[in-house]
Structures are given as C-alpha cells and as structure tokens.
Amino acid sequence: MKLTYYGHSCFSIELGSKKMLFDPFISGNELAKGIDIDKIEADYIFVSHGHSDHVGDLVEIAKRTGAIVIGAFEVIGWAQKNGVTDVHPMNFGTYNFEFGKLKFLPASHSSSLPDGSYGGNPGGFLFITDNGNFYYSGDTCLMMDMKLIPRYAKLDFAIMPVGGNFTMDADDAVIAAEFIDCKKIVGVHFDTFGYIRIDHEATKEKFRTAGRELILPQIGETISL
Ligand code: NI
Ligand code: MN
C-alpha cells in the first residue's frame, strides 16, 4: 500500500484501485502550504471526528471529487447540511464495503463540528481487506479497547497520533502499538501547533527501543508500506 502524507492527521492511502483520504485539513495548516488541495484525488473520505483540524477541507474536497464520505452519523449530517451528497453514515460497528470490511471503533476524545453542533462520538477505523489490514486510531488517548484489535486482524501497519497534549504522546503510542500488536506505525498529529511539537529523532528512538518502527513522513511525501 502507498501512503501520502498531507500534514497533521491528513493522509491518503491507495488501497487496490481506490484512493482513500483521511481527515482532510490542509489549507488551515501553515506547514502544508506546499500542498495543492485541488490536486488531491479521492474515491472515499474517512472522517474520524468533527474537529476543525480534521474536517477543515472536507466539504470542498468531497464536492469536487464526488468521494463517498464515511464517518459518525452526526459528522455526516453536518457534511450534508453543507452540501455534500455522497455519504455513508456509521456509528460504532462494521460494514462490508467494496474495498473490504470496515470497523468504525471508539476513540477516547471529544467531537464537535466547526459550527458548534454535536459531533457524536469520535472514532477510529480498522480496515480488513484482501489488499491488507491497517488501523487509523483517530485522535485518542491510550485505551484498553485497542487490545481488541488483534482479535479482529493482523495489522500490516497503523496510523496513530504521537504529538501529546490532545492525544497520545510517543510513550503511550508505544504501548498502543503493543496493544494492537503492530510493528510499523506512521505517526500523525504532531508539530502543527505549539502544544504538539516533538523531537523527531527522540520520538523514533522510543519506538526502536521497544522493537517497533515509527515513520514520521514529510508533508507531501509518499511512502510504501
Ligand atoms: Ni480532535
Ligand atoms: Mn485533532
């Protein structure tokens, strides 16, 4: 699988012939100035929760691409109110899509939309597909629910926050990697704001010491996983 990083918690994954975009927040991110949001392609857009640093460019990209937007029922309702028509609302549960099985799982965080309306529960996504298995936790602290994931799937890789303050920091993300039984982690939700600036080398070293790999992609970089 190929992953392209667009900064903060926004990335896209090529899964088979499909392009999956996650948590589109680019134009509001000073660090992602080099990314042209009009060039981003998407067949599906996954939204972990309603905070503006995850939905900032959602409406615009969804309308332009016609991608199917998948997320919590309340977040999808907000997108529809803003003119997005291709949607698939979920709550915590499982659905079989054409790309494979998707589980929308709890995250321990909060969720409200940019207009202040209720965002439902924040979540993460587990993909179980013929092209591989991966987990994106969304914004969350470390939680015991992550221990369920190895019962569902053997992960090829996972995407998790490492910036601390609003989410897990590196120390907790190392424990989360153990809970989900995953050797290869892509770190997100770091450096964008003052509260979440990290020392890249020291953060990677924490994972190495634990026998795991942390990848911190450059913004605009595409990596093979
Ligand atoms: Ni958040
Ligand atoms: Mn966030």
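Residues numbered from 1 in each chain as written. Chains lettered and ligands numbered in written order. Predicted model: local features only at pLDDT ≥ 70, side-chain atom pairs only at ≥ 80, totals over all residues. Heavy atoms only, no water.

Peer 1: Where do I start with the environment of H54 in this structure?
Peer 2: Assignment of secondary structure puts H54 in helix α1 (residues 52-55). According to the relative accessible area criterion, H54 is buried, its value standing at 0%. Excluding its chain neighbours within four sequence positions, the residues that come into contact with H54 are H8, S9, D23, P24, F25, V47, S48, H49, Y136, D139 and H189. (Helix = DSSP H or I, 4+ residues; strand = E, 2+ residues; numbered from the N terminus. Buried < 20%, exposed > 50% of the residue type's maximum accessible area, 1.4 Å probe, protein only. Contact = heavy atoms within 4.5 Å.)

Peer 1: Whenever I open this one, the nonpolar core confuses me. Can you help?
Peer 2: If you look at soluble globular proteins, the nonpolar side chains tend to sit buried side by side. Residues I45, F46, F99, Y135, I159 and I180 are the most contacted members of the largest nonpolar core, which totals 75 residues. Of all the elements, helix α5 (residues 170-179) adds the most residues to this core, at 6 residues. Ignoring anything within four residues of it in the chain, the contact list for F46 reads M20, L21, F22, D23, I70, F99, L102, F125 and F127. (Core = buried A, V, L, I, M, F, W, Y, C linked by side-chain atoms within 4.5 Å.)

Peer 1: Help me understand the sheet that holds strand β6 (residues 87-90), please; the structure alone is not making it clear to me.
Peer 2: The pairing of strands in a sheet comes from backbone hydrogen bonds and takes either a parallel or an antiparallel form. Read from one edge of the open sheet, 7 strands run β6-β5-β4-β3-β2-β1-β14, paired in mixed fashion. Sheet topology places β6 and β14 (222-224) at the edges, where each strand pairs with a single neighbour. The average undirected angle you get between the axes of adjacent strands in this sheet is 20°. Pairing geometry for strand β5 (residues 68-72) and β6, over 4 bridges, is parallel. (Pairing = 2+ DSSP bridges. Axes fitted to C-alpha atoms, helices over the stretch in contact; angles between N-to-C directions.)

Peer 1: It is not clear to me how helix α2 (residues 58-65) should be interpreted in this structure. Could you clarify?
Peer 2: Since there are 3.6 residues in each turn of an α-helix, residues three or four apart along the chain are aligned in direction. Restricting attention to buried positions, one finds in α2 the residues L58, V59, I61 and A62. Tucked into the core, α2 has its buried residues touching β3 (18-22), β4 (44-46), α1, β5 and α3 (73-81). Positive backbone phi, approximately 70°, marks G66, located one or two places after α2.

Peer 1: Honestly, the side chain of H49 in this entry has me stumped. Any pointers?
Peer 2: Within the secondary structure layout, H49 lies in the loop between β4 and α1. Here the side chain of H49 touches S48 through a polar contact of 2.8 Å, side chain to side chain. Within the structure, H49 has its side chain in polar contact with the side chain of D139 (distance 3.2 Å). Aside from chain neighbours lying at most four places away, what touches H49 is H54, V55, V75, H109, S110, S111, P122 and D139. (Polar contact = N/O pair within 3.5 Å; in protein donor to acceptor, adjacent residues only side chain to side chain.)

Peer 1: Looking at this structure, how should I read the packing of α5 against helix α6 (residues 200-209)?
Peer 2: In a pair of packed helices, the angle between the axes and the distance between the axes together describe the arrangement. Running from amino to carboxyl end, α5 crosses α6 at an angle of 30°, the nearest separation of the two axes being 10 Å. By the angle between their axes, α5 is roughly parallel relative to α6. Regarding α5 and α6, the two cross each other, and that crossing is right-handed. Residues A170, D171, A173, V174 and A177 of α5 pack against T203, K206 and F207 of α6. Residues that form the contact of α5 with α6 fall into these classes: 5 nonpolar, 1 polar and 2 charged. (Parallel < 35°, antiparallel > 145°, perpendicular 65-115°, else oblique. Left-handed = near helix turned anticlockwise from the far one by under 90°. Nonpolar A, V, L, I, M, F, W, Y, C, P; charged D, E, K, R; others polar.)

Peer 1: I would appreciate a short explanation of the coordination of the manganese ion (ligand 2) in the present structure.
Peer 2: Octahedral six-donor coordination of a metal ideally yields angles of 90 or 180 degrees, compared with 109.5 degrees for tetrahedral four-donor coordination. Ligation of the manganese ion (ligand 2) by protein atoms is provided by D53 (OD), H54 (NE2), D139 (OD) and H189 (NE2), these donors lying 2.1 to 2.2 Å from the ion. We note that the donor set of the manganese ion (ligand 2) lies within a single chain, spaced as D-H-x84-D-x49-H. (Donors = N, O, S within 2.8 Å, 3.2 Å for Na, K, Ca; no water.)

Peer 1: Is there a simple way to think about the coordination of the nickel ion (ligand 1) in this case?
Peer 2: Only H49 (NE2), H51 (ND1), H109 (NE2) and D139 (OD) from the protein coordinate the nickel ion (ligand 1), and they sit 2.1 to 2.5 Å from it. Geometry at the nickel ion (ligand 1) is irregular, judged from its 4 donor atoms and the angles of 87 to 177° they form at the metal. Mapped onto the polypeptide sequence, the residues donating to the nickel ion (ligand 1) form the spacing pattern H-x1-H-x57-H-x29-D. A gap of 3.1 Å separates the nickel ion (ligand 1) and the manganese ion (ligand 2), which D139 links by coordinating each metal. Remark: H109 occurs in the loop between β8 (100-106) and β9 (123-129) and H49 occurs in the loop between β4 and α1; sequence separation between them is 60 residues. (Tetrahedral: all angles 85-135°; square planar, octahedral: opposite > 155°, others 65-115°.)

Peer 1: In this structure, what is going on with the pattern of salt bridges? I would like to understand it.
Peer 2: Once their charged atoms are close, side chains differing in charge can pair, the charge on each being opposite to the other. One pass over the structure, following the stated rule, counts 9 salt bridges. Taking the shortest distance from any N to any O, the salt bridge between D115 and K81 comes out at 3.5 Å. Placement of D115 in the loop between β8 and β9 and of K81 in helix α3 is noted, with a sequence separation of 34 residues between them. A relative accessible area of 61% means that K81 is categorised as exposed. Notably, a salt bridge pairs K154 with D181, separated by 3.5 Å at the nearest N-O pair. Highlighted residues: K154 in the loop between α4 (149-152) and β11 (157-161) and D181 in the loop between α5 and β12 (184-188), separated in sequence by 27 residues. Owing to a relative accessible area of 52%, K154 belongs among the exposed residues under this scheme. (Salt bridge = Lys/Arg side-chain N within 4 Å of Asp/Glu carboxyl O.)

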